[in-house]
Structures are given as C-alpha cells and as structure tokens.
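Per-entry structural report
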Amino acid sequence: MINVTINKKAIELDVDPQMPLLYALRDELQLTGTKFGCGAGQCGACTVHLNGQAIRSCITPISAVANQKITTIEGLDEHNNDKVQIAWREYKVPQCGYCQSGQIMSASALLAKTANPSDKQIDDFMQGNICRCGTYKRIKAAIKSAANSEPSANETLVKENR
Amino acid sequence: MPVNIILLAAGAGKRFAGSKNSKGDIKQLAKFQGATLIEHTIEQLNPALAQLNQLNQTTVHNDDNANHTSDNNEKSQLYISLGAHQDKISPLLPKNTPLLTSRHWQKGIGHSLADAIKQVAPFSSHLLIALVDQPLVTQQHYQTLVNTSLLHPDKIIATRSDDLLLPPVIFPKDFFPELVQLQGDIGAAKLLKRHKNRVISLQCDMAKLDVDTPEQLAEMNNIATEKITATREHLVIST
C-alpha cells in the first residue's frame, strides 16, 4: 500500500510500486487533466508538482513519491483561479491545449521560485515543455503578466466578480 | 462532515429462499468463502473505512479552525441497513455496529435505500452505497471508489460493468434529496442515468454478478476460490 498526498487529500493506493505516477493519476484516480505525451520525460505534458517542484510524472514511479505531496492541475486552485490560470485565460494561450496543463504547472513552479523572472530565466525554465502549436510567445507573455499581477488582489477581484 | 458507508442488507431474498436448492435459507447469512455474505462484505469494506478515518484524523489535525461538535460526527462509519430477518442477522454482526432499520423494506430496495439515507444524511458529506449480494467486488475496488471521490468530491463515483452503471456507488450530499424520493424496487440506476455528466465510472467486471440463487452463489464461490489459487501460484512462481 502506497500513501501519497494528492491535491491535499491523503490517498492510499494498492498498485505496483513501479507504476508511473502519471498512470496512477490518470487511470487509478481519474485525474485526467495531466496528459501523456512522450512517456520519456522529454515533452513536459505530464508535469505535476512534487512538494512544489515541477517533475515529469511519466517517468516517476509512484513508490518514489510515497508520503510526499503531489499537486496536479486540478489542485492548483480550488476554483481554477491561480494567477497563472488567470493570465492564461487573459492571453488566450492554448491552441489545441494538449500541452497546456504541463505548461501551467511548470510556469507556476517557476514563479514560486522566481517571482519576477527575466526572459532568459523563463526560456531556461520552460524549455522542457514543448508546444507543437507554437504558442510560446503567448506563454511567455502570460507568465510575465502573472508575475506582475498582485496575486492576492487579482485573485480576490476575480473571485468577487464571479 | 465525513464520508459514511451504507451496506444495504434489508431484503427478504425471496428468489434465494424460494430456489429448489434452498430450504428457506437467509441470503445475508449464506456462506461465501467460509464466512456469511454479510460478514464477507463488511470485511471487504473495512480497508476503505480505515482509510477514510485516517484521513479524517489528518484533516482535523491540520485545520486549527475546525469546529468539533462531537467525535461521532467526525468519524466515518459503516452503517448496516437491515429489514428482513434482522433478529437473526444482528447478533452475528460485530458489537457496536450501527444499524439502520428500514420500516419499509418489504416495498423494495428503493424504499430501504431512501430510509437508510434519511437517517444518516444530516451528518454525511458523501455516502458510499454497497450491496450485500455482490461478494466478488474486492476491497481494492471499494478503496479506488473512495480515492476517486476524495479527489472529485462533486462527482458521483459509480461502478461500471459492460456499459452498465451499478453499485457500489458514492453520492455527494447534493444528491441526497433525490435519493430519499426512491421507492419500490427501483434503485438508483435511473438517477445515475439522469446525471450522466456528473458520474465518474470505474470498471469492475465482477460487480455485475449478484447473488440471486444458491446456484449463483456456489458458482461465485468457485470463481473466488480460483482467483485465490491463481494468486497463490503467482506468488510461488515469483518468489
């Protein structure tokens, strides 16, 4: 039995310890916002947070995250109003959308570490997340917008206006 | 408020008792893998219950502002709904098992379900509804249902087998008012259809096998025994 905290919920899983975290999330727990892209840790579509850090869930065995905290796109904010998600909507970032939850999870991990990243810091951090539609310009603009937003004020405003 | 479990075991089991291989046997007390059906099902539900209570403890710990009214309301419980033969069944259950007695069990499963939900709805955030006559549903499946419900608290978590939506199923609180309207022999199947877009279904092929007659029970017993033997052989090979 493997214990892991996912989106703040304590979960007990009876699965093969070698099962990739991505499969546990998608197939065992129906958290299908995280996508399967390459299965080799090369494309970033499966990005989730492990204790706040961006990791590739397709190459991470579930046993490696036992007793630790995982956040998926579903758990980033209860009402999908994390500052990164708000910026993503403002800039209409997604085209086909497949890579976007991975992009958002990486962007959010970047901003948690570096509140005001430079262009180069954004490029360096986001280079592991590939977008076949080529939405990179909008991704960068949205990250900058999220970085400059007053998180609490902005989020309060959006919540009030709902 | 916790997730609570209701095990429905109120029926008279008329087809079971009336079968030619039966001498008026009580279905809930028929033997499956060495235990009675009701004991077997409780055993399969216990790991899910234990997990829920572990979770309740951690949430209480982390939340300083939690307002505790009473211990009872924080703890997840397994409630057993009894109707027919309750005088014979209840002495066999573990001590302190909370029982829900259905006054209208003769009128069908819809009535017993509604009766049971009425009694526990006020202090439940979600209800896991399990049946006593699906003995091949494993403890792993019950746990997967609970895990999925924790991560998708606004969804109904149902069991799927051949495109059918079946129990065991977990309902969030906002469906309780509809569930208490159920009547007669109609279970929650219609409700699941009506709210298709709010259902997450998890596959469990064995859920479609339910115990109607002693012959079916014997067959299911064989399936269970074969499975256990297969697992043992697998273990021997892999060690």
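Conventions used here
- Residues numbered from 1 in each chain as written.
- Chains lettered and ligands numbered in written order.
- Predicted model: local features only at pLDDT ≥ 70, side-chain atom pairs only at ≥ 80, totals over all residues.
- Heavy atoms only, no water.
- Pairing = 2+ DSSP bridges.
- Helix = DSSP H or I, 4+ residues; strand = E, 2+ residues; numbered from the N terminus.
- Axes fitted to C-alpha atoms, helices over the stretch in contact; angles between N-to-C directions.
- Contact = heavy atoms within 4.5 Å.
- Domains from an automatic or database assignment.
- Polar contact = N/O pair within 3.5 Å; in protein donor to acceptor, adjacent residues only side chain to side chain.
- Buried < 20%, exposed > 50% of the residue type's maximum accessible area, 1.4 Å probe, protein only.
- Core = buried A, V, L, I, M, F, W, Y, C linked by side-chain atoms within 4.5 Å.
- Buried area = accessible area lost by both parts, 1.4 Å probe.
- Salt bridge = Lys/Arg side-chain N within 4 Å of Asp/Glu carboxyl O.
- Expected span 1.5 Å × (residues − 1).

**Considerations on the sheet that holds strand E3 (residues 47–50) of chain A**
Residue and element names in this part refer to chain A. Strand order in the open sheet formed by five strands is E2-E1-E5-E3-E4, and the pairing between neighbours is mixed. A single partner strand is all that each edge strand has here, and the edge strands are strand E2 (9–13) and strand E4 (53–56). Averaged over neighbouring strand pairs, the angle between their axes works out to 40° when direction is ignored. Taken strand by strand, helix H3 (residues 100–113) contacts E3, E4 and strand E5 (69–71), and its axis lies near 35° from that of E3.

**Let's talk about the domain arrangement of chain A**
A common measure of how large an interface is: the accessible area buried when the components associate. Residues and elements named next belong to chain A. Along its sequence, chain A is carved into domain 1 (2–75) and domain 2 (83–161). On a C-alpha basis, the centres of domain 1 and domain 2 stand 21 Å from each other. Taken together, the contact pairs 18 residues of domain 1 with 12 residues of domain 2. If you look at where domain 1 meets domain 2, you find six residue pairs in polar contact (both at pLDDT 80 or more).

**Describing helix H1 (residues 21–28) of chain A**
All names here are of chain A. Considered for burial, the residues of H1 that qualify are Leu21, Leu22, Ala24 and Leu25. Here the buried face of H1 lies against strand E1 (2–6), E2, E3, E4 and E5. Just past H1, the residue Gln30 takes up positive phi, approximately 60°.

**Quick notes on the nonpolar core**
Ranked by internal contacts, the top residues of the largest apolar core, which has 51 residues, are Ile6(A), Ile62(A), Leu7(B), Ile38(B) and Ile80(B). In this structure Ile80(B) touches Leu7(B), Ala9(B), Ile38(B), Ile42(B), Leu93(B), Thr97(B), Pro98(B), Leu99(B) and Leu100(B), once residues within four positions along its chain are discounted. With 24 residues, the next largest nonpolar core counts Leu8(B), Ala121(B), Leu127(B) and Leu192(B) among its residues.

**Side note on the interface of chain B and chain A**
Contact residues are listed per partner, giving 14 residues for chain B and 13 residues for chain A. Counting each side, the surface lost to burial between chain B and chain A is near 1,200 Å², with a carbon and sulfur contribution of 55%. Counting every contact that joins chain B to chain A gives zero salt bridges. Linking chain B with chain A are five residue pairs in polar contact (both at pLDDT 80 or more). For the side of chain B that touches chain A, the elements supplying multiple residues, two or more each, are helix H2 (37–62), helix H6 (139–151) and strand E9 (199–203) of chain B. Of the residues forming the side of chain B that touches chain A, the biggest block, seven residues, is contributed by H6(B).

**Digging into the pairing of strand E1 (residues 3–9) of chain B**
Residue and element names in this part refer to chain B. For E1, the buried fraction is high: seven of the seven residues fall into the buried class. Relative to strand E6 (residues 126–131), E1 is paired through six bridges, and the arrangement is parallel. Paired with Ile5 across the bridge in E6 is Leu128. Here E1 runs beside strand E4 (residues 78–82); their pairing, made up of five bridges, is parallel. Paired with Ile6 across the strands is Tyr79, a residue of E4.

**Section: H3(A)**
All names here are of chain A. With 14 residues, H3 ought to run about 20 Å at 1.5 Å a step, and its terminal C-alpha atoms sit 20 Å apart, in line with that. Residues of H3 that are buried: Gln100, Ser101, Gly102, Gln103, Ile104, Met105, Ser106, Ala107, Ser108, Ala109, Leu110 and Leu111. Those residues of H3 hidden inside the fold are in contact with E3, E4, E5, helix H2 (83–90), helix H4 (119–126) and helix H5 (136–148).

**Side note on unusual backbone geometry**
Between Pro167(B) and the following residue, Pro168(B), the backbone shows a cis peptide bond with an omega angle of -5°. Take Pro168(B): it is sitting in strand E8 (residues 164–172). Here Asn7(A), not a glycine, exhibits a phi torsion of approximately 50°, which is positive. Among the structural elements, Asn7(A) can be located in the loop between E1 and E2. Backbone geometry places Asp162(B), a non-glycine residue, at a positive phi of 50°. On the secondary structure map, Asp162(B) appears in the loop between strand E7 (156–161) and E8. By relative accessible area, Asp162(B) is classed as exposed at 52%.

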